[in-house]
Amino acid sequence: MADEKFFPATNDVIFKALFVKNQKLLKAFLSAALEIPVSEMKVLTIKNAEMPPVYIDGKLTRLDILLETNGKVINIEMQVAKRDDYKERTLLYWARMYNEEMKQGKAYNETGRCICINILNFGMFDCEDYHSSFSVLEDKRHERLTDRMHLHFFELTKVPSIKRKNQPDTTDDLRLWMQLFKAKDKEELDMLKSTNVTAIQESADAILILNKDKDICNLAKEREEAEMDYYSGLLNAEAKGRAEGKAEMIAEMKANGMTDEEIKKFLPSLFK
């Protein structure tokens, strides 16, 4: 695999395939992330196991994992590109999940707990902790309003990668999962396989196997290229919008009798 491109689990095709094809590993991750004993997850149902097209109606599709287990509806998403609206986007996805629960005709107190797990390959919060968990609390007493809403964020950038020639820290299973997700090559995965955590060993092997699957690798490559094109398009549109906005402002100022020299003097940023 030395001469072939390696796709890490931050590629959401690899991430989704890892857990859709290996529900035992998905249970192990959920156990570490949500502190649910694996033995309690008797039934786990993935509701969107299929791999959708890269684009739908001109928009980059999500490759999240939506599942049900133990009276909980859980959405798991890997997000690589930083988005300023990601917090609000997560709220929208949670609201949709809760709305789907209500559509099933359940009483308010019978709806499942709706949980969003967001794994981010960028920083979001101004703190050292890589795991942030949110629920609805009273501002002063911190009394929880309901247990139906939980939002989890895992920031991979705050977790150090496996160091060359060092043994992984086996005292924190959740940290090992984060290091597994961000492992960028076969060598790092091999180092993680040296841990005594069986689920991490098997997950590292599973990622290596997925990297030998031509169909999965083609999808992963297509996904990677589509994301680059999509976000490049957004940046170009933003830059074009700024340029058009500057042109309109200069034209308006000239219409009000200002010369180029006067505009440059008072608003030099318009000419940068």
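One can find the structure itself at the top, above this paragraph.
What counts as what
Residues numbered from 1 in each chain as written. Predicted model: local features only at pLDDT ≥ 70, side-chain atom pairs only at ≥ 80, totals over all residues. Heavy atoms only, no water. Helix = DSSP H or I, 4+ residues; strand = E, 2+ residues; numbered from the N terminus. Buried < 20%, exposed > 50% of the residue type's maximum accessible area, 1.4 Å probe, protein only. Disulfide = S-S within 2.5 Å. Pairing = 2+ DSSP bridges. Expected span 1.5 Å × (residues − 1). Contact = heavy atoms within 4.5 Å.

(A) Focus on the environment of Ala81. Assignment of secondary structure puts Ala81 in the loop between strand S5 (72-79) and helix H3 (86-103). With a relative accessible area of 21%, Ala81 lands in the partly exposed category. Here the alpha-carbon distance between Ala81 and Phe122, two residues 41 residues apart in the chain, equals 7.3 Å.

(B) Representation of the state of the cysteines. Following the criterion strictly, the structure yields zero disulfides and no others. Counting only cysteine sulfurs, Cys116 is the nearest neighbor of Cys114, a cysteine outside any disulfide, at a range of 7.9 Å.

(C) Up close: the pairing of S5. Most of S5 is tucked away, with eight of its eight residues classed as buried. By the alternation rule, side chains of S5 split into Lys72, Ile74, Ile76 and Met78 and Val73, Asn75, Glu77 and Gln79, which are all buried. Judged from the five bridges that link them, strand S4 (residues 65-69) and S5 form a sheet pairing that is antiparallel. Across the sheet, residue Thr69 finds its bridge partner in S5, namely Lys72. Here S4 hands over to S5 after two residues, with Asn70 in that stretch at a positive phi of 50°. Sheet analysis places S5 next to strand S6 (residues 113-120), joined by eight bridges and oriented parallel. Bridge assignment links Ile74 to a residue of S6, and that residue is Ile115.

(D) Summary view of H3. If you check H3, its first and last C-alpha atoms are 26 Å apart, about what 18 residues at 1.5 Å a residue would give, namely 26 Å. Within H3, the full set of buried residues consists of Tyr86, Arg89, Thr90, Tyr93, Trp94, Met97, Tyr98 and Glu101. Where H3 is buried, its residues touch S4, S5, S6 and strand S8 (149-155). Just downstream of H3 lies Gly105, where phi reads positive at about 80°.

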